[in-house]
Every structure is written in C-alpha cells, then in structure tokens.
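Geometric and topological summary
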Amino acid sequence: QVQLVESGGGLVQAGGSLRLSCAASGRTFSSTSMGWFRQAPGKDREFVAALSWIGGYTYYADSVKGRFTISRDNAKNTVYLQMNSLKPEDTAVYYCAAAPAGWSNLKYDNRYDYWGQGTQVTVSS
C-alpha cells in the first residue's frame, strides 16, 4: 500500500512559478515510477509529467514541455513538479500518482495504482 500526499498548490499570477510536492509512504519508493496529472473543471484528467524509476527517464505533455520539471528525492520519498511560466490554462487540480515497479506507458492514468488527494493550482491572468 502506498499513500500519497500532495502539497504546494495555490494562487499565482500568470508568468509565476510554483513547486508541487508529493510525499509517498512505503519502502519501495525508489522502484516506483511517479506521475503528475491534472483535471480542470469540466474537463477530463490529463497527463502532465512522469518519471520512470528505471533510468530516470522523464516524460512531459506537449503543453508543459520546457516549463515544468519533474524530479524526485528518494531519500525523502518525495516527487516534485516545478512549474514555471505558468499560464491561466494550467489552472487545475493536480494529482500525483504512483506505479510500483511500472516503467512503461506512464502517460496513461490506468498505469498507476495509487493516487493522491489532489492540490489546487490557480493561475490568474
């Protein structure tokens, strides 16, 4: 069982930055691929970024590529999403997700077994 707790959301002006954190429980964090997804009001949940536990490969949605960075600190069992140059269209609830031992197809939400409760990010224009 893995529990995920996100933090770091909030209100920011367009062009600003936020860093989301996701603290994970469990002893297998280092062999767990992690992902970030988001859901805006009235829209489906969409992939944002993922980090594979094998090779440390990262994957990004085209809409955030070059602006967002996913990283992890295995000593702290934490994954981060650094978000720069934020736009109003980035407004959403952001969720982190865990795929223990998973390393492929990380852009698909059905690849993940555990989800956090979400943190709200609001970008004002």
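The structure we're discussing is the one just above.
Let me sum up the structure you'll find in this document. (Residues numbered from 1 in each chain as written. Predicted model: local features only at pLDDT ≥ 70, side-chain atom pairs only at ≥ 80, totals over all residues. Heavy atoms only, no water.)

Focus on the sheet that holds strand β8 (residues 78-83)
Strand pairing in a sheet takes place through backbone hydrogen bonds and is either antiparallel or parallel in direction. Within the open sheet, the 4 strands sit side by side as β1-β3-β8-β7. Their pairing is antiparallel. Both edges of this open sheet fall to β1 (4-7) and β7 (68-73), since each of them pairs with a single strand only. Sheet twist, expressed as the mean angle between neighbouring strand axes with direction ignored, is 15°. As judged from the 4 bridges shared by β1 and strand β3 (residues 18-24), these two strands associate in the antiparallel manner. Looking across to β3, one finds that Ser7 is bridged to Ser21. (Pairing = 2+ DSSP bridges. Helix = DSSP H or I, 4+ residues; strand = E, 2+ residues; numbered from the N terminus. Axes fitted to C-alpha atoms, helices over the stretch in contact; angles between N-to-C directions.)

Things to note about a nonpolar patch on the surface
A contiguous nonpolar surface patch, about 300 Å² in accessible area, is contributed by Trp53, Ile54 and Trp103. Looking at the element boundaries, Trp53 is found in the loop between β5 (46-51) and β6 (58-60). (Patch = residues over 30% accessible without salt bridge, like charges linked within 9 Å, V, L, I, M, F, W, Y side chains within 5 Å. Areas by Shrake-Rupley, 256 points an atom, 1.4 Å probe, with all protein chains shown as cover. Salt bridge = Lys/Arg side-chain N within 4 Å of Asp/Glu carboxyl O.)

What to know about unusual backbone geometry
In this model, Ser85 sits at a positive phi of 50°, which is unusual for a non-glycine residue. By the element assignment, Ser85 lies in the loop between β8 and β9 (92-100). Here Ser85 falls in the partly exposed class, since its relative accessible area comes to 41%. At Asn105, a position not held by glycine, the phi torsion is positive, near 55°. Positionally, Asn105 belongs in the loop between β9 and β10 (114-115). (Buried < 20%, exposed > 50% of the residue type's maximum accessible area, 1.4 Å probe, protein only.)

Quick notes on the pairing of β5
Each regular strand displays side chains that alternate between the two surfaces of the sheet. Within β5, 5 of the 6 residues are buried, which leaves it mostly tucked inside the rest of the structure. In terms of strand pairing, strand β4 (residues 32-39) meets β5 through 5 bridges, oriented antiparallel. Its bridge partner lying in β5, Arg38 is registered against Glu46. With antiparallel pairing between neighbouring strands as the criterion, β4 and β5 make up a hairpin whose turn holds 6 residues, including Gly42 at a positive phi of roughly 75°. As judged from the 3 bridges shared by β5 and β6, these two strands associate in the antiparallel manner. Residue Ala49 lies in a different strand from β6, and its bridge partner there is Tyr60. The antiparallel hairpin formed by β5 and β6 contains 6 residues in its connecting segment, where Gly55 sits at a positive phi of about 80°.

Some thoughts on the pattern of salt bridges
Using the criterion set out here, one finds 5 salt bridges in the structure. Between Arg38 and Glu46 there is a salt bridge whose closest N-O contact spans 2.6 Å. The residue Asp109 makes a salt bridge to Arg45 at a minimum N-O spacing of 3.3 Å. Taken together, the residues Asp109 in the loop between β9 and β10 and Arg45 in the loop between β4 and β5 connect sequence positions 64 residues apart. By relative accessible area, which is 35% here, Arg45 ends up partly exposed.

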